Amino acid sequence: MIHAAYLMPLLPLAGFVVLAAFGRRLGDPWAGWLGTATVAGSFVVACVVYAGLLAKAAPARSFTQDLFTWIPVGGLQVHAALLIDPLSMTMALFVTGVSSLIHLYSIGYMKGDRDYAKFFLYLNLFVASMLLLVLANNLLFTFVGWEGVGVCSYWLVSFWFGRDSAASAGKKAFLYNRLADVGFLIAVFLVFSKTGTLNYKGIFAHLSLIGGGTGTAICLLLFVAAVGKSAQLPLFPWLADAMEGPTPVSALIHAATMVTAGVYLMCRISPVLSQHHNAQLVVASVGAATAFVAATIGCAQQDIKKVLAYSTVSQLGYMFLAVGTGAYEAAIFLMVAHAFFKALLFLGAGSVIHGLHDEQDLKRMGNLRRYMKLTFFTFGVGTLAIAGIPPLSGFFAKGDILDNAYARYPALWAIGLVTAALTAYYMTRLVSLAFYGDDRWRHGSAGAGSNHAGAGEPHESPWVMALPLVVLAVLAFFGGLLHLPWHSSWNPLSWLGPVFGAAQYDAHQSAGTQWALAIVDSVVALVGLGVAFSLWSRRAQRPELEPAVLQRAYFLDDIYDTVIARPGQAFARFCATVVEVRVIDGAVNGVGRLTRAAGGSLRRVQTGYVRQYALGIVLGTVVLLAWMISRAVS
């Protein structure tokens, strides 16, 4: 069964090829069903491989499937090979499972779009690239998948490229990630120079060769790549603008692919990272700071998708806090739970947007619980889960991270706790503005000039969009069971233990401490929920709680524009008007002018008179004879 692993990335890749060749002929909805079937088939294969791997004894749960030799150059022998172990299979299971639901949802959401087949073509390639990333057995093959999800994100974020905002958002995502990916490449060079291999098992077998400053540099360079891909400080602005893509794209990027890649990479190199504590502290600190900053921004956003976007940035910060504390299992636990409730929240937001005829402004919504009962219920489950309300999945997953942070970095735990309160606040604010209050969508009272007032009452989504919401709501509610010590035979995520081994940090906290921390987490979340509901359930306008500094994300885009973009444009203009024209073109044109002048001067010698040429020959002969006589005399 394990040998079928290659089918996981191959099936969605085959879907991509078929849709590229016949997508337009298949059209709506068959192109969507084909794309969905290939990813669902990949999920079935993942379940089969998971069962085969689980049947083996814990020490033997690692299998390398060699596909072909990719780069055979001297000492650099890179194989296209898959590493099937508990970490890669955990990633593959939730990537394929959640992606299948998002594909199914997209069949209804994208109905009628002129590029319907192209959308599923990109979506299939996105999933195939992500699977290649998490299943690759070496850094260079991982990088292929890493760049694959990057280029797919560009195509999907700018899918509606007729809008300038969408085209710009796609370019922004692409450039931010390319900037960070330089760190990945330099790290690859350093790893090979020290160990002579890029294979993960080979690298971990030569940890003694990766020491001191080089090891710290490798960890931090890979973290730079992760900061770009997983949208951490200071490179997170691209993720909010990525909301310009269709809502299923947002769900796929935020829940199942791309942004989780950075966390996965840092977990994969945990044997190296755990030996360099300074690098761990940097990772944990950046994660905690990002979680807090993004949460504060989310408290003042009006676009329903941007609230969720900054929420993703904040939750990823929690995951990096876990990675930095060495709590790798906790990071994966939150990643899985986050895949469930964030996919649910984005698809729920898509249902709201669909029901309101493409309206995304929270201030132009209101009282939708009356018209969209299923969306309201499922979205509420996702909100309670991400807010950390017991007994939903987010409570256990986030609590696991905070417990480890409390034991190792108490100051970062305090930041994480405040962020938990803010999370409950901004998510309850979103629910209050969208589902409670007056029917603001009817008359556009919250925002003059609404384009959607009077477009008809909100309506519930069709079953292909509703079914994924129900399934994800169940997973978001009960997902915490995946890592609870109910019984020695029931703790699915505990199989990650052998992958992390000694790198895994164990807080060794007493039962009393764990209960106390759990109670504090619950109280903080309930306070945030209660405060937000009391403030926003009846009023849509509170300018004092939505300052411009938060609405504009601390003016980070403006700062980058002032410090980097405008000086860069000025330098480009200088190069175009001075360096290009006067230096480069001047040098080329100068050589041409010099050659022409020299030719003009030499042309005067060629008079065409025979007597002048004869005189020249005679004079030359005389000079030559004089020189020879002088040499003979001397």
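The structure displayed is predicted, hence computed values, not measured ones. (Residues numbered from 1 in each chain as written. Predicted model: local features only at pLDDT ≥ 70, side-chain atom pairs only at ≥ 80, totals over all residues. Heavy atoms only, no water.)

1. With respect to the environment of L83
As for its placement among the helices and strands, L83 is situated in strand β2 (residues 76-84). Counting along the chain gives 82 residues from L83 to S165, while the straight-line C-alpha distance between them is 40 Å. Setting aside residues up to four positions removed in sequence, L83 forms contacts with S62, F63, T64, S88, L135, A136, N137, Y200, K201 and R268. (Helix = DSSP H or I, 4+ residues; strand = E, 2+ residues; numbered from the N terminus. Contact = heavy atoms within 4.5 Å.)

2. Some thoughts on the side chain of R429
One can find R429 in helix α17 (residues 410-435). Owing to a relative accessible area of 0%, R429 belongs among the buried residues under this scheme. If near-sequence neighbours (up to four positions away) are discounted, R429 is found in contact with G298, C299, A300, Q301, V307, L362, K363, A532, W536 and E546. (Buried < 20%, exposed > 50% of the residue type's maximum accessible area, 1.4 Å probe, protein only.)

3. A closer look at a nonpolar patch on the surface
Judged by side-chain polarity, V18, F22, L26, W30, W33, W463, L467, V471 and L475 come together as a nonpolar surface patch covering roughly 830 Å² of accessible area. Top element by residues in the nonpolar patch is helix α1 (residues 7-54). It accounts for 5 residues. Relative to the helices and strands, W463 is located in helix α19 (residues 463-478). (Patch = residues over 30% accessible without salt bridge, like charges linked within 9 Å, V, L, I, M, F, W, Y side chains within 5 Å. Areas by Shrake-Rupley, 256 points an atom, 1.4 Å probe, with all protein chains shown as cover. Salt bridge = Lys/Arg side-chain N within 4 Å of Asp/Glu carboxyl O.)

4. Description of helix α5 (residues 164-195)
With 32 residues, α5 ought to run about 46 Å at 1.5 Å a step, and its terminal C-alpha atoms sit 47 Å apart, in line with that. L179 marks where α5 bends most, by close to 25 degrees. Taken from the residues just after α5, G196 is the one with a positive phi, measuring 75 degrees. (Expected span 1.5 Å × (residues − 1). Bend = angle between axes of the 7 residues up to and from the residue.)

5. A word on the environment of G183
Along the chain, the position of G183 falls in helix α5. Residues within four places of G183 in sequence aside, it is in contact with L221 and L222.

6. Details of the confidence of the model for the protein
Put simply, the protein has an average pLDDT of 91, and 97% of its residues get 70 or more. Low confidence marks residues 445-454, where pLDDT is under 50. Its contacts with residues over four positions away, or in another chain, come to 22 contacts. (pLDDT = per-residue confidence, 0-100.)

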